[in-house]
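# Results of the structural survey
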Amino acid sequence: MITTRTFLLAALLVPLGATLAVTPAASAAAPSAPSAASVSADAAAFRSPEAALDRVAHPLRTTEPRGSLADLRPFGAMVGDAKMVGVGEATHSSHEFVTLKHRVFRYLVEEKGFRTFAFEAAWSSGLRIDAYLTRGEGDLKQIMDDEFQGTYRWWNNAESRDLLRWMRAYNIQHPDDPVHFVGDDNGFAGPGLYDQVNAFAAASSPELAAQIAELYRGLRPAGSAETYVNDYLAKPLADRKELAERTGRAVELLRQHPGADDEAHAWALQHATAIHQMTTLYAFDLDDPQNIPAAMLYRDRVMADNVAWWQQRTGSKIMISAHNTHVALKTYAPASHPPSRASSCASSWAPPT
């Protein structure tokens with residue numbers, strides 16, 4: 001009879017193994033056919049949850065991030081040489097899920113060469129947090145208070161702040177090989193995105209700058225993220241569709257004007273794409289339950305595309321952190337969340353050229 005604590009610690013590790021198929025290790029061998037004896041043993045074991053966990057789970061020493069990581073070696077064997085690892089959670093903001101992800105990311109950084117933590121947060125939030133982590137820009141508490149509002153409020157907790165502080169400390173010690181933070185979601189597009197796109201357009205030509213400014217008229221946030229999103233969703237659906245059409249035209253304009261700096265153009269185009277991703281999500285009629293699956297499928301596709309863009313641009317190995325509905329290979333909520341980001345990410349990802 002296993003103790004409750006052992007059961008919980010073992011159960012926490014089970015979803016991690018299930019998410020590794022997002023980007024499987026290239027060297028993974030094909031599984032051999034099970035023997036009759038092993039099939040019989042499996043059948044007997046899976047008649048009870050305790051027996052099943054005893055067969056497939058590796059107990060964790062702790063879910064807290066500090067101390068030895070030796071008990072995560074079985075997890076490392078599952079990771080192999082994967083470029084992306086998805087780690088889910090059953091509930092947002094639960095202490096053990098956040099601290100375990102911190103611990104797992106520590107392991108991936110120190111033992112597997114991972115350098116990016118992709119998070120279920122806005123692209124613009126990720127840029128601001130990454131500037132703090134890599135260059136020390138701003139105050140972390142203020143950044144989190146500003147960025148984690150509304151539907152992202154659950155990220156504003158002590159456990160997430162501890163993870164980000166560890167990442168900042170790591171970068172101070174490793175300035176030439178830093179870790180990064182990426183927000184891959186599209187629930188908000190902060191003012192910094194508009195500023196950077198407008199700056200690129202202004203450096204390219206007065207005509208492009210004027211066209212982009214007109215297309216973005218009235219869109220740049222001026223107040224809090226939560227107020228902005230609430231006000232945006234209060235707009236008539238026809239107005240939201242018109243705004244999505246405008247931001248789509250901005251993306252196409254930028255695509256046609258690469259300018260002299262390929263790197264600056266790539267980033268400006270991605271920032272404009274992130275703006276368009278937000279307006280497109282909010283162009284769905286979210287008051288109609290029949291539209292929710294399509295909206296959530298679009299959102300998962302966006303998150304997969306943003307992670308894939310970052311990986312292709314940087315070559316970095318990435319740990320993807322999100323709710324189980326976004327990283328599981330098979331959805332358990334098909335009515336609201338069709339096939340998830342895990343399958344989308346697997347089809348989006350390709351090695352950088």
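Per chain, the residues get numbers from 1 upward, laid out in the order the sequence is written. Only residues with pLDDT of 70 or above have their local features reported here, since the model is predicted, and side-chain atom pairs are shown and tallied only from 80 upward, although totals for entire chains, interfaces and linings are computed over all residues. Where side-chain values are given, they derive from all heavy atoms of the structure, hydrogens and water being excluded.

## Quick word on the overall build of the protein chain
This is how it is decided: Here a helix means four or more residues in a row that DSSP labels H or I, a strand means two or more in a row labelled E, and each is numbered from the N terminus. Burial classification: accessible surface area is computed with a 1.4 Å probe over protein chains only, and a residue below 20% of its type maximum counts as buried, one above 50% as exposed, and the rest as partly exposed. We call two residues in contact when some of their heavy atoms are within 4.5 Å. Each accessible area is a Shrake-Rupley result for a 1.4 Å probe, and residues are judged covered by the shown protein chains and nothing else.
Helix and strand counts for the protein chain come out as 16 helices and 4 strands. In the protein chain, which comprises 353 residues, the share counted as buried stands at 48%. Of all intrachain contacts in the protein chain linking residues separated by at least 6 positions in sequence, the fraction that spans at least 24 positions is 77%. Put simply, the protein chain shows about 16400 Å² of open surface, and 57% of that area lies on carbon and sulfur atoms.

## Some remarks on the confidence of the model for the protein chain
Where we set the bar: Confidence per residue, as judged by the predictor, is encoded in pLDDT with a range of 0 to 100.
Looking at the protein chain, pLDDT values average 85 and 83% of them are 70 or higher. Within the model, pLDDT remains below 50 along residues 346-353, and this stretch shows 18 contacts once partners closer than five positions in the same chain are excluded.

## Notes on the pairing of strand β3 (residues 180-185)
Selection rule: In this description, strands pair whenever DSSP reports at least two bridges between them.
Burial within β3 is extensive, with 5 of its 6 residues counted as buried. Pairing geometry for strand β2 (residues 116-122) and β3, over 5 bridges, is parallel. Within β3, the position partnered with Ala118 by the bridge is Val182.

## So, helix α10 (residues 206-215)
Helical geometry: 3.6 residues make up each α-helical turn, so side chains three or four residues apart lie on a common side. Stated precisely, the cut-off is as follows: The arc refers to the directions leading from the helix axis to the C-beta atoms.
Residues Leu208, Ala209, Ile212 and Leu215 constitute the buried set of α10. Looking straight down α10, one finds its buried side chains confined to an arc of 130°; they lie on one side. Seen from the open side of α10, the exposed residues pointing more than 90 degrees away from its buried face are Pro206 and Glu207. Buried residues in α10 make contact with α9 (191-204) and α12 (237-255).

## Section: the environment of Leu237
Turning to its location among the elements, Leu237 is positioned in helix α12. Taking the C-alpha atoms as reference points, Leu237 and Phe284, 47 residues apart in sequence, are found 7.8 Å from one another. Setting aside anything within four residues of it in sequence, one finds Leu237 in contact with Ala283, Phe284 and Asp285.

## Describing unusual backbone geometry
Look at Ser93: it is not a glycine, yet its phi comes out positive at around 75°. Looking at the element boundaries, Ser93 is found in the loop between β1 (84-87) and α5 (95-112). A relative accessible area of 28% means that Ser93 is categorised as partly exposed.

## Observations regarding the pattern of salt bridges
The line we're drawing: Should a side-chain nitrogen of Lys or Arg be within 4 Å of a carboxyl oxygen of Asp or Glu, the pair is scored as a salt bridge.
According to the stated counting rule, one finds 19 salt bridges in the structure shown. Its salt-bridge partner being Arg115, residue Asp177 comes within 2.9 Å of it at the nearest N-O pair. Taken as a pair, Asp177 in the loop between α8 (158-173) and β3 and Arg115 in the loop between α5 and β2 lie far apart in primary sequence, 62 residues in all. Note that Arg313 is salt-bridged to Glu263, the shortest N-O span being 2.6 Å. Within this pair, whereas Arg313 is found in helix α14 (residues 292-314), its partner Glu263 is found in helix α13 (residues 262-281), the two being separated by 50 residues in sequence. The exposure class of Arg313 is partly exposed, given its relative accessible area of 37%. Residue Glu263 is classed as partly exposed on the basis of its relative accessible area of 41%. Here the salt bridges do not stand alone but share partners, grouping Glu120, Asp185 and Arg299 into one network.

## Details of the packing of α13 against α14
Angle between the axes and distance between the axes: these two values describe a pair of packed helices. Cut-off, in case you're wondering: Axis lines are fitted through C-alpha atoms, for helices just across the contact stretch, and the angle between N-to-C directions can take any value from 0 to 180 degrees. Angle categories are assigned with fixed cut-offs, so that under 35 degrees is roughly parallel, over 145 is roughly antiparallel, 65 to 115 is roughly perpendicular, and the rest are oblique.
Between α13 and α14, the least distance of the axes is 11 Å, while the angle of their chain directions is 170°. If you check the angle between α13 and α14, you find them roughly antiparallel. Seen from α13, the contacting residues are Asp262, Glu263, Ala266, Trp267, Gln270, His276, Gln277, Thr280 and Leu281; seen from α14, they are Ala295, Tyr298, Arg299, Val302, Asn306, Trp309, Trp310 and Arg313.

## Quick look at the sheet that holds strand β4 (residues 318-321)
The 4 strands are arranged β1-β4-β2-β3 in an open sheet whose pairing can be described as parallel. Because the sheet does not close on itself, it has two edges, and the strands there are β1 and β3. This sheet shows a mean twist of 30° between the axes of neighbouring strands, independent of strand direction. The pairing of β2 with β4 spans 4 bridges and is parallel. Opposite Phe119, over in β4, you have Ser321 as the bridge partner. Taken strand by strand, α5 contacts β1, β2 and β4, and its axis lies near 170° from that of β4. Together, β1, β2, β3 and β4 form the strand contacts of α14, whose direction differs from that of β3 by roughly 150°.

## Digging into the environment of Phe181
With respect to the helices, strands and loops of the structure, Phe181 is situated in strand β3. Residue Phe181 is classed as buried on the basis of its relative accessible area of 3%. Separated by 51 residues in the primary sequence, Phe181 and Asp130 have C-alpha atoms spaced 5.1 Å apart. The residues contacting Phe181, other than those within four sequence positions of it, are Phe117, Phe119, Gly126, Ile129, Asp130, Leu133, Leu164 and Met167.

## Describing the packing of helix α6 (residues 123-135) against α8
So the rule is basically this: Gly is placed with the polar residues, together with every amino acid not listed as nonpolar (Ala, Val, Leu, Ile, Met, Phe, Trp, Tyr, Cys and Pro) or charged (Asp, Glu, Lys and Arg).
Where α6 meets α8, the axes come as close as 7 Å, and the angle between the chain directions of the two elements is 40°. When the axis of α6 is compared with that of α8, the two are oblique. Packed against α6, whose contacting residues are Ile129, Tyr132, Leu133, Thr134 and Arg135, the element α8 presents Leu164, Met167, Arg168 and Asn171 at the interface. Across the contact of α6 with α8, the residue classes tally to 5 nonpolar, 2 polar and 2 charged.

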